[in-house]
Each structure stands twice: as C-alpha cells, then as structure tokens.
Amino acid sequence: QLARIQTDSVVEMLRELYPELHFEIAVAMSTTGDKILDTALSKIGEKSLFTKELENALERNEVDLVVHSLKDLPTSLPPGFTIGAVCKRENPLDAVVFHPKNCGKTLSLLPEKSVIGTSSLRRAAQLKKKFPQLEFRDIRGNLNTRLKKLDEKEDFSAIILAAAGLKRMGWENRIGQLLSPEDCLYAVGQGALAVEVRAKDQEILNMVSALHDADTVLCCIAERAFMKRLEGGCSVPVAVNTMLKDGQLYLTGAVYSLDGSDSLKETMQTSVNYPQQNEDGPNDDVQHVGITAKNVPAQAQEAAESLGVELASLLLSKGAKHILSVARQLNDAR
C-alpha cells in the first residue's frame, strides 16, 4: 500500500507537469524483500533486496520508471540504471508508535523490560545505548502488518518506524514520539523518494529530472557517498543527519556496534553554493553515487559527494572499520 501511495504521488506530479502525456501504473510487483518476511532484513544478505525484480522490468522495457524509497536503493546501481529524480524529502526522522495501552508515553517512560519492535540494526543500536532498560526485538512486514502486530497482540510496547511512511499513509496521528537526531540518527536517504530509469533513455531522464529537489539531492548525495565509502548496508548500523543552511551542507555520520556500546560520530561541512552552469559537452552520463541530476550545479554535487567520502574516511581513520566488521560478524552469527 505504501509503495502504491508513493508511486501515485510521483505520477501525480508528472501528470501536472506533462498533462499531454499518458501515465500508466504497472501492476505492483513483489520483491525478494517483500516475500521473505520471517528473516531479519540484515540477514537476507541480498544487496538489491527491494529493487532487483523492478530493475528487470526496466531492463526489458516493460516499464519506463520505477519509484523507490531512496533508502532501499544500494549506493552502486547495476550498469545501465540511474536515479533520474530525487523528490523533495519528507521528514527523515524516526517515529515511535506505541501500543494503545501506552498512549501518551515516551520511550523513557515505558516500564523496564518493555519490548520495542524494529527491523533496523541502526535504530536498535542507537536506542539500546540510550534506553538500556528496554528490550529490542525484530519485527518485519509492511506498515499495515507491523501496526496490526503492535495493536492486536501484547508482544510489543511500541515499534519504531520512519515518520515519512506513516505520514504518506495518512497515519500521522499514530506518531507518539518523534526521535530527534540526538536520540537516533536516521538512515541514508530516509524520507526521500527516488525515480529509477534507464541511464541511456535521455527522453525519460529529461522528463523526470523536473522532479529533482536540489536540496534533497545534495543531502542524499553526501549521505550515499558516506555509506558507500564505509561499505555500509542493511547488515551494519550506519546513520546520518544532514542539514543545508545558507549554502553550507552539514553532514553528521556515525557507525555503531550492534549493542550500541561502541560508536564513532563526527560532523563535517562544506559549501555547496555554486551557480548552475550551462555545461556543453558529453557529460550526460555523470552520476554521483547513482544519481543523475543535470539541473543541480555539478560543482555542488561534487562538493556533496566529497563531503560524504571525507567524513567516512575520517571515521575509518578512527577505527570505524573494526566496529563495522565486528557488527557484520555478530550479525551473521545471530
């Protein structure tokens, strides 16, 4: 349902921009990540968990564009594909949804040993450290399934979800607590929608590029470059927080051990205040961590990517590789 709502919202924007074009939404497809619901995401080990089947349809020209949550897209896309649009980001923060009996509480007010559901190693690692009195357990399934599990059983006192998904589903009233970046840094790309297209299909690429939100593009390039340099993914806790203010891009990035006891966190900034230049020449294929954004200044994109790489390099120089490799091994052994 969420995937459908997200796709409909992108198609709606395209219809407004191009009233003369006819857009048809292909039957929603299931992906590996949707089908394997009894295993933690971090254990399935498939890099393109929610994207592979959709990319196959793109490759066969059965569809021309695919709408994803950007956080589901790996930092390296298969050859021949690109992210042709990153739409304006919804609130990227994580949200706590409480069991009806805990309505009006916050995490810190829950009784000791209360069980919190989350499928994310990143959320669990940060919150275990902040709330050692609580227990964190895996919960899988789409939003409807998770909320049903929360409401109808007594297994969980609360679950953690992305605020953006709840808002898009019209369930904002279920948000009992928004977790600030001090409590919980969010996932790379969280809250942003991406439109994936064939990299060589200039006509489609030009069409969807009108949906790019420049600020979101720059924030997400920095985040994805940070993740790529760290070689992070579903199986390790990597988290970020970005802010763009007065032409300065601020990126906070962190890595955690699985129990949150060991962590590294740093912030860096760079100027992304560059004018758009009319660049002549064959630069059609310039991608920054999988994103093609010709209508966002190239120098700004380069600066954002460098920021992500530099921040990751700083953490690696302080021992991030060890934290992440131990987290990976422990996760594999679970």
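Definitions and cut-offs
Residues numbered from 1 in each chain as written. Predicted model: local features only at pLDDT ≥ 70, side-chain atom pairs only at ≥ 80, totals over all residues. Heavy atoms only, no water. Pairing = 2+ DSSP bridges. Helix = DSSP H or I, 4+ residues; strand = E, 2+ residues; numbered from the N terminus. Axes fitted to C-alpha atoms, helices over the stretch in contact; angles between N-to-C directions. Contact = heavy atoms within 4.5 Å. Left-handed = near helix turned anticlockwise from the far one by under 90°. Nonpolar A, V, L, I, M, F, W, Y, C, P; charged D, E, K, R; others polar. Buried < 20%, exposed > 50% of the residue type's maximum accessible area, 1.4 Å probe, protein only. Polar contact = N/O pair within 3.5 Å; in protein donor to acceptor, adjacent residues only side chain to side chain. Core = buried A, V, L, I, M, F, W, Y, C linked by side-chain atoms within 4.5 Å. Arc of directions from axis to C-beta.

Caption draft 1: Molecular detail of the sheet that holds strand S9 (residues 238–245). If you trace the three strands from one edge of the open sheet to the other, you get S9-S10-S11, paired in antiparallel fashion. Bordering the open sheet on either side are S9 and strand S11 (263–271), each of which pairs with just one other strand. Neighbour-to-neighbour, the strand axes of this sheet turn through a mean angle of 15°, independent of strand direction. Where S9 meets strand S10 (residues 248–256), eight bridges bridge the pair, whose relative direction is antiparallel. Paired with Asn-241 across the strands is Thr-252, a residue of S10. Relative to S9, helix H9 (residues 214–230) is tilted by about 150°, and along the sheet it contacts S9 and S10. Across the sheet, helix H10 (residues 298–317) is in contact with S10 and S11; its angle to S11 comes to roughly 150°.

Caption draft 2: Structural context of the packing of H9 against H10. The contact between H9 and H10 brings their axes to 7 Å, and the two run at 35°. Pair H9 / H10 crosses with right-handed handedness. Mapping the contact onto sequence places Leu-218, Ile-221, Ala-222, Ala-225, Phe-226, Arg-229 and Leu-230 in H9 and Ala-300, Gln-301, Ala-304, Glu-305, Leu-307, Gly-308, Val-309, Leu-311, Ala-312, Ser-313, Leu-315 and Leu-316 in H10. Within the contact of H9 with H10, the residues separate by chemical class into 14 nonpolar, three polar and two charged.

Caption draft 3: Fine view of the pairing of strand S3 (residues 94–98). Counting buried positions along S3 gives five out of five residues, so the element sits mostly inside the fold. Residue alternation in S3 divides its side chains into two sets, Asp-94, Val-96 and Phe-98 and Ala-95 and Val-97, and both sets are buried. As defined by bridge partners, S3 adjoins strand S6 (residues 158–162) across five bridges and the pair is classed as antiparallel. Residue pairing in the sheet places Phe-98 in a bridge with Ala-158 of S6. Of the pairings in the sheet, the one linking S3 to strand S7 (residues 177–179) comprises three bridges and is antiparallel in character. For Asp-94, the partnering residue across the bridge sits in S7 and is Leu-179.

Caption draft 4: Spatial organisation of the side chain of Asp-183. Inspection of the secondary structure puts Asp-183 in the loop between S7 and strand S8 (193–198). For Asp-183, a relative accessible area of 16% translates into the label buried. Ignoring any residue separated from it by four or fewer positions in sequence, one finds Asp-183 in contact with Gln-126, Leu-127 and Lys-130.

Caption draft 5: Fine view of helix H5 (residues 121–130). Along H5, seven of the 10 residues are buried, which leaves the element largely enclosed by surrounding structure. N-capping of H5 is provided by Ser-120, with a side-chain oxygen placed 3.2 Å from the backbone N of Arg-122.

Caption draft 6: Structural view of the pairing of S10. Across the nine residues of S10, seven count as buried, placing the element largely inside the fold. Between S9 and S10, which pair antiparallel in sequence order, lie two residues; one of them, Asp-246, sits at a positive phi of approximately 50°. When S10 meets S11, the two strands line up antiparallel, connected through nine bridges. Bridge pairing in S11 links Tyr-250 to Gln-269. What sits between S10 and S11 in their antiparallel hairpin is a turn of six residues, with Gly-260 showing a positive phi close to 80°.

Caption draft 7: Main features of the nonpolar core. One finds Leu-70, Ile-83, Phe-226, Leu-230, Val-238 and Val-255 to be the most contacted residues of the largest nonpolar core, which totals 45 residues. Secondary-structure elements contributing two or more residues to this core are strand S2 (81–86), H9, S9, S10, H10 and helix H11 (320–333). Once residues within four sequence positions are removed from consideration, Phe-226 is found in contact with Val-238, Ala-239, Val-240, Leu-251, Gly-253, Ala-254, Gly-308, Val-309, Leu-311, Ala-312 and Leu-315. Listed in part, the 16 residues of the second largest apolar core include Val-11, Tyr-18, Phe-23 and Leu-193.

Caption draft 8: Structural view of the environment of Leu-121. Within the element layout of this structure, Leu-121 appears in helix H5. Sequence spacing of Leu-121 and Asn-331 is 210 residues, and the spatial spacing of their C-alpha atoms is 9.0 Å.

Caption draft 9: Just helix H4 (residues 52–59), in detail. Every buried residue belonging to H4 is among Leu-54, Glu-55, Ala-57 and Leu-58, and all of these are buried. Angular distribution of buried residues about the axis of H4 spans 155°; they occupy a single face of the element. Backbone geometry just after H4 places Asn-61 at a positive phi near 60°.

Caption draft 10: Highlighting the sheet that holds S3. With mixed pairing, five strands are arranged side by side in an open sheet as S5-S4-S6-S3-S7. The outermost strands of the open sheet, each flanked by one partner alone, are strand S5 (135–137) and S7. Taken over all neighbouring pairs, the strand axes of this sheet differ in orientation by 30° on average, direction set aside. Note: strand S4 (residues 115–117) against S6, two bridges, orientation parallel. Residue pairing across strands places Ile-116 opposite Ala-158, the latter belonging to S6. Relative to S6, H5 is tilted by about 125°, and along the sheet it contacts S3, S5, S6 and S7. Across the face of the sheet, helix H6 (residues 143–152) comes into contact with S3 and S6 while running at roughly 165° to S6.

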